[in-house]
Amino acid sequence: MRDPLVPDAPAPRLLLGRDLGAFGERTALLTADEEITYADLAARVERAAHALGATRRLVLVAGANTVDAVIGYLGALAGGHAVLLVPDEDPTIESLTRAYDPDVVCRTRAGTWCQEERRPGSTHELHPDLALLLSTSGSTGSPKLVRLSYENLRANAESIATYLGIREDDRAATTLPLHYCYGLSVLHSNLIRGAGIILTGLSVADECFWKLFRSARGTSIAGVPYTFTLLERVGFDTMELPHLRYVTQAGGPMAPDRVTRYAELGQRRGFDLFVMYGQTEATARMAYLPPDLALTHPSAIGVPVPGGAMRLAPVDETLADGVGELVYSGPNVMLGYAEKPADLALGRTVHDLFTGDLARRGDDGLFEIIGRRGRFAKLFGIRIDLRHVEAGLESDGVRACCVASDDELIVAIERAERRENVRRLVAARCGLPARSVRVLVLPELPRLASGKIDLRAVAALAAEPVPAAPVVADGTDLRLLYAEILDHADVTDDSTFVGLGGDSLSYVEMSVRLEQILGRLPVGWHTMPIRQLRAGADEPAPRRRRTLDTGVALRAVAIVLIVGTHANLFTVRGGAHLLLALAGFNFARFHLTDAPRRQRVRHLGASVARIAVPASIYLALVALLDHKYSWQNALLLNEAIGPRYGAQRHYWFIETLVYLLVCLAALLAIRRIDRWERRWPFPLPVALLAVGLLVRYDLIPLSFSDNLTTPATLFWFFALGWAVAKAAAPWQRLLVTAAGLVAVAGYFDNPLREAVVGVGLVLLAWVPHLPSLPGVNRVAGMLAGSSLYIYLIHWQVYPPLQRLSPLVATLAAVVAGVALGVLVGRATRWLGRLLPRQSPVVTGRTRYALAD
């Protein structure tokens, strides 16, 4: 009999209808650093639930593929709270916090998982069945959420585990985000079977992912169609994955031929391919295609998941016989939508889910999706309201019509309303890669007799083959791209970047834009005719990878090192001297061209003006407000006439760069020196480097009061970069590299500072492009292109914030510099419409770099 004096042990919390602790010492979560058993996981979840208290509350959890986020989410769910699961991104967290006012916010701050209590209890009326709130498959627009019940989560997890045949010895990798219903379903369905989760945020394109997957004996991966594109790029078909049992695909339709290829691969390699269909409104999955039917029915979504049913509802559109709107019913159908906090008190408002997909059912009982009834599209697992995209563009003054294919969003606009930024604007608003958005420029949008846009006609135009030669991904001729960035009207197929007056200021944006369109750019692309670049784009590139120009990367890193060191975030000096070498490198690439002497001098003078004019205007304003600076700063004369001390020395680098460029422009204006440079493109900078090194080693005495930052003592850095750019043969690059490394050694009496310059020099000489990612390219391009403004403004931004946080001070200075660049850019474009087109100061591109 039970001893009445001994209290009962508390009943274990159930999660998805299961007691996780009952799975004991089985492995629950594996990461690169730790392995967590189910007993340990249950204990951690219990602590997380206890920390949230007994009062039922609305808990916002920032979903990430980390142990802390998983435990935080499971703890809130096990504690009976209503969970709002969102991406771990500050803008989204802030937006949904404003919209739904959660009682608790669980998220990562500065690398630490935090539980931020916004109030002790709850101000919300929460329906007893409400368990989870998710965005509608990442849909765009207002914060419209899907309300899911505990039974929804349990039923769908059980259903998925059943048809996938998940076993306790399975180990599934988290290839998708936790906040995405598909990624979340992988977690749920494996937990209820006591299987393991390989928890990682790495991409399948990362070799480290596969090392972890193999070492953890991974048995399954999940992917949206784009995941399979990445798998092909990394050679998935040749990988040795001895424990892989099955691969699942959802998040939008995958091309039938790709389904066939992976099904055949699975037969050869011993894994099953499950093609699945679902929506967040159905918790996750509604249908699946049995693996043995993938080869014979690659276009089908298959049969309803266990416990579910599907039917076809008649539609108004004139369609083929047997086609209707797909309607799903089952225990995993959502309670309904929420668009405001008051909706969280609602019970079930939806019983049958009208999917909006047009489908037919074959004689074999398999369902097949043939299109969308509504104006929605699903790309990369993101559901997009096409009407909302069109409305957003209309608010920006652009009338557009959007249609979509399986892997592309097409935005049709009229030629008269052509805007260069439409593609980037739509991609950013929808959360899509820019390459998946195509701008279709039409003479006019086709319309019906009623005056409405003819959607079918637009779709037919969008489906026509896109000419591969003259047109780039967003419908823009490469010549128009050159004309837009270089502000040049007479661009032809024989034009080159440097021939049109391109310099380091415009090189950043042009290289990033062309890399997005053409893939990896060839070495020396800036001297190639447009027709040659276009021809290279037509060549097959099955494993094209993103790269970043080394000069752009070094410029971005250097400006961050400068600001971060000044703000005491870290102490890594050498960025300014590296920028000086980059300036010489770019001077040789963009100004020492085959153009006539006078044209070269004018081009160089315009580049000097693009640096000196905005810097002088800014410093004049600063001098008026801050008496630490003087008129010498505003006129860029402090290094020339002093005083060379204190805050007035802050802008020594800009003055040094301007002095060097002005002197070189004067020298190149001399006919004989111009001829020497053309005749001896490599020996001349080597000779100048030698002279500079004589000064560096004090073999030529100077009378300057400060021998560290005067233009004469620092010229050898500039000459070094110039020589690197003109070193065509390997022996020449080796000579310059050796000379540079020897000269840098011991120059600063600071090994780290010397390493920064030395490593930058080696990369510049031997590695023209660095492997990169699209997001990294965008950030690097932004930093490099705005480096002048970051350098100018950071002296005013970081000091008052430094005591608060060096990191905040650094970030604020960088953001302020980018913002200043945008502001000046808008003013420049406005002035460009008022002043004559010949003015180099106001008609060029508006993001200026420090390494011209």
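Residues numbered from 1 in each chain as written. Predicted model: local features only at pLDDT ≥ 70, side-chain atom pairs only at ≥ 80, totals over all residues. Heavy atoms only, no water.

J.: Can you explain the nonpolar core? Please cite residues and give values.
T.: Counting residues in each nonpolar core, the largest one holds 106 residues, and the members touching the most others are L514, I654 and F718. In terms of nonpolar packing, the next biggest core, distinct from the first, is built from 75 residues, V45, V104, V146 and L326 among them. (Core = buried A, V, L, I, M, F, W, Y, C linked by side-chain atoms within 4.5 Å. Buried < 20%, exposed > 50% of the residue type's maximum accessible area, 1.4 Å probe, protein only.)

J.: Quick rundown of the confidence of the model for the protein chain? Include the residues and the values.
T.: In low-pLDDT regions, the fine details of the predicted coordinates are not to be read closely. Here the protein chain averages 84 in pLDDT, and 86% of its residues register 70 or above. Scored below 50 in pLDDT, residues 538–544 shows 11 contacts in the model against residues more than four places distant or in partner chains. (pLDDT = per-residue confidence, 0-100. Contact = heavy atoms within 4.5 Å.)

J.: Please set out the sheet that holds strand β23 (residues 400–404) residue by residue, giving values where relevant.
T.: Pairing in this open sheet of 3 strands is mixed, and the strands run β23-β24-β25 from one edge to the other. The outermost strands of the open sheet, each flanked by one partner alone, are β23 and β25 (437–442). Pairwise comparison of adjacent strand axes, ignoring direction, gives a mean angle of 25° for this sheet. As judged from the 5 bridges shared by β23 and strand β24 (residues 409–414), these two strands associate in the antiparallel manner. The residue bridging C402 from the neighbouring strand is V411, located in β24. Running over the sheet, helix α10 (residues 422–430) touches β24 and β25 and is turned about 140° from β25. Strand contacts of helix α11 (residues 455–463): β23, β24 and β25, with the helix running at about 65° to β23, the strand carrying the most contacts. (Pairing = 2+ DSSP bridges. Helix = DSSP H or I, 4+ residues; strand = E, 2+ residues; numbered from the N terminus. Axes fitted to C-alpha atoms, helices over the stretch in contact; angles between N-to-C directions.)

J.: Now, about the packing of aromatic side chains: what can you tell me, with residues and values included?
T.: Two measures describe an aromatic ring pair: the distance that separates the ring centres and the angle between the ring planes. Going through the model one piece at a time under the given rule, you end up with 26 aromatic pairs. Between Y246 and F274, the aromatic rings sit 6.0 Å apart at their centres with planes inclined by 85°, giving edge-to-face as the arrangement. Taken together, the residues Y246 in strand β12 (residues 246–249) and F274 in strand β13 (residues 272–278) connect sequence positions 28 residues apart. Judged on exposure class, the residue Y246 and its partner F274 are both buried. Note on W652 and F653: the rings are 5.9 Å apart at their centroids and 85° apart in plane angle, and the pair reads as edge-to-face. Each member of the pair W652 and F653 is classed as buried. Of the aromatic side chains, those joined through ring pairs into one cluster are F209, W210, F213, F228, F236, Y262 and F271. When the ring centre of Y337 is taken as origin, the NZ or CZ atom of K144, which lies over that ring, is 4.1 Å away. Geometry around W680 places R679 over its ring, the cationic atom sitting 5.4 Å from the centre. (Phe/Tyr/Trp six-rings, centres within 6.5 Å; stacked < 30°, edge-to-face > 60°. Lys NZ or Arg CZ within 6 Å of the ring centre and 35° of its normal.)

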